Amino acid sequence: MKIEKATRKSHFYNEDRYIVGDNYCMVLDGATSLVSSGIKPTEGSWFVSRIKQSLPQKCDNVIEKLEYISKKTYAEFIELSKIDSKTDSVLYYPSAGLSCAVVKDNKVQIFTTGDCEAVVKLKDGKIIRHIFPMLAELDKGALDMMIEYKKAHGVSMMEARKALNGVLIENRKLMNKKGGYPVFTVSDKPNFGYIKAEYNIDEIKEIYLYSDGIAQAFNELQIYSSCEEMFSGEVNIYKEIEKIKKRAKSDKTCEKYPRFKVIDDIVIVKMTF
């Protein structure tokens, strides 16, 4: 098995991470708290760093280990932030989307949560995409509202983004709630939803694990018409990141390709069998 990985930060800090263990690979996409706790550089960056530091090099039951990390980082977060542990508000908590592939015996187990994705490319050419749709649908709804606001008020996309920031806040409040979206976060009672799948190793050609920074290529930035088109041929992950950077930088005002920010953090892992 060959493993390639790449990440690209959009600030001096990075809220995306990759983890390559002895028998698993994982990508993380951190989201910072909506109410600042004072943790530097951001709560999201701190959270994904703690996850990466806490996962062992070899791990057969990754979900079980993640539940332990959720409890551990919850206690650390409460201590560092000085937030009352009785405060039951997701506005204070960092979260992280993640996707993971665990190699066990002659099989590969896949699981994802949040808006991170896993694409499994089979030797027969079939491409299977694993992602919860809820967060992407919420984001699309907010983005459509921004576009309508821009047209109605004759303002820029960035001005519309500021005007409708409350919509994004309301969406974040739906984290791990009915009618909302599942995602990994700090919790003293972790119970997160995952999309799960399992494949025989001998039927897999490639697996791609990535954050929504890569999904920009076939979503907002329209480099590809779909996820399936992007991964149908030979994929050089480093060249794909360069394509995303070039397209995003060509539209710094987000007018041609409407989106929430010029460019997001990016992380991708490619596993070739």
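The rules we used
Residues numbered from 1 in each chain as written. Predicted model: local features only at pLDDT ≥ 70, side-chain atom pairs only at ≥ 80, totals over all residues. Heavy atoms only, no water. Axes fitted to C-alpha atoms, helices over the stretch in contact; angles between N-to-C directions. Helix = DSSP H or I, 4+ residues; strand = E, 2+ residues; numbered from the N terminus. Parallel < 35°, antiparallel > 145°, perpendicular 65-115°, else oblique. Left-handed = near helix turned anticlockwise from the far one by under 90°. Contact = heavy atoms within 4.5 Å. Nonpolar A, V, L, I, M, F, W, Y, C, P; charged D, E, K, R; others polar. 1 Å grid on protein atoms, 1.4 Å probe; cavity = no way out; pocket = protein on both sides within 12 Å on 5 of 7 lines; lining within 4 Å. Points joined across faces, edges and corners; volume = space filled by probe spheres on them. Pairing = 2+ DSSP bridges. Buried < 20%, exposed > 50% of the residue type's maximum accessible area, 1.4 Å probe, protein only. Polar contact = N/O pair within 3.5 Å; in protein donor to acceptor, adjacent residues only side chain to side chain. Core = buried A, V, L, I, M, F, W, Y, C linked by side-chain atoms within 4.5 Å.

Novice: Explain the packing of helix α3 (residues 134-153) against helix α5 (residues 165-172) here, please?
Specialist: Two elements in contact, α3 and α5, have axes separated by 10 Å at closest approach and are oriented at 165°. One finds that α3 runs roughly antiparallel with respect to α5. α3 and α5 meet at a crossing whose hand is right-handed. Here α3 contributes L138, A142 and M145 to the contact with α5, which in turn contributes V167, L168 and N171. When its residues are assigned to classes, the contact of α3 with α5 shows 5 nonpolar, 1 polar and no charged.

Novice: How do you make sense of empty space enclosed by the protein when you look at a structure like this?
Specialist: The rolling of a water-molecule-sized probe over the atoms marks out the regions of remaining empty space. Scanning all chains against the criterion turns up 1 cavity of 30 Å³ or more. The volume enclosed by the largest cavity comes to roughly 30 Å³. What lines the largest cavity is simply M1, I3, G21, D22, N23, Y24, C25 and V103. Considered class by class, the residues forming the lining of the largest cavity number 5 nonpolar, 2 polar and 1 charged.

Novice: Would you explain the sheet that holds strand β7 (residues 127-130) in this entry?
Specialist: Sheets are built from strands that pair by backbone hydrogen bonding, the pairs being arranged parallel or antiparallel. Strand order in the open sheet made by the 5 strands is β1-β11-β10-β6-β7, with antiparallel pairing throughout. Sheet topology places β1 (2-8) and β7 at the edges, where each strand pairs with a single neighbour. Direction aside, the axes of adjacent strands within the sheet are offset by 10° on average. With respect to the sheet, helix α8 (residues 237-249) is in contact with β1, β10 (204-210) and β11 (266-272), its orientation differing from that of β1 by roughly 20°.

Novice: Quick question: what am I supposed to make of the side chain of R259 here?
Specialist: Residue placement: R259 occurs in the loop between α8 and β11. On the accessibility criterion, R259 (3% relative accessible area) is buried. Engagement of the side chain of R259 in a polar contact is seen with the backbone oxygen of D251, the distance being 2.7 Å. Beyond its immediate sequence surroundings of up to four residues, R259 is in contact with L143, M146, M157, M158, E220, L221, A248, D251 and C254.

Novice: Help me out: how do you make sense of the nonpolar core in this one?
Specialist: Where a protein is soluble and globular, its nonpolar side chains tend to be buried together. Core analysis: the biggest nonpolar cluster contains 34 residues, and I51, V62, L66 and F111 have the highest contact counts within it. Elements that contribute at least two residues to this core include exactly β3 (24-31), α1 (43-54), α2 (62-81) and β4 (95-104). Per element, the largest residue contribution to this core is 7 residues, and it comes from α2. Those residues in contact with L66, other than ones at most four positions away along the chain, are M26, I51, L55, L98, F111, F184 and Y194. Within the second largest apolar cluster, 23 residues are counted, among which are I127, L221, Y224 and F231.

Novice: Is there a simple way to explain the layout of surface pockets in this structure?
Specialist: Taken as a whole, the largest pocket holds about 1,400 Å³ of empty space. Taken together, 47 residues form the lining of the largest pocket, with D115, D139, D212, F260 and D264 sitting closest to its centre. Residues that form the lining of the largest pocket fall into these classes: 18 nonpolar, 12 polar and 17 charged.

Novice: Can you walk me through the side chain of N171 in this structure?
Specialist: Note on placement: N171 falls in helix α5. On the basis of relative accessibility, which here comes to 13%, the residue N171 falls in the buried class. Apart from residues lying up to four places away in sequence, N171 is in contact with L138, A142 and Y181.

Novice: Would you mind showing me how to read unusual backbone geometry here?
Specialist: Excluding glycine, most residues fall at negative phi; most peptide bonds, likewise, are trans. Cis geometry marks the peptide bond from K40 to P41; its omega dihedral reads -5°. Here P41 is to be found in the loop between β3 and α1. Of note, the phi angle at N176 is positive, near 60°, even though the residue is not glycine. Relative to the assigned elements, N176 resides in the loop between α5 and β8 (184-185). Looking at N176, the relative accessible area reads 35%, which means it is partly exposed. Positioned with a positive phi, C254 is a non-glycine residue whose angle comes to about 60°. Position of C254 relative to the elements: it lies in the loop between α8 and β11. Since its relative accessible area comes to 0%, C254 is described here as buried.

Coordinates in, geometry out; function isn't part of it.
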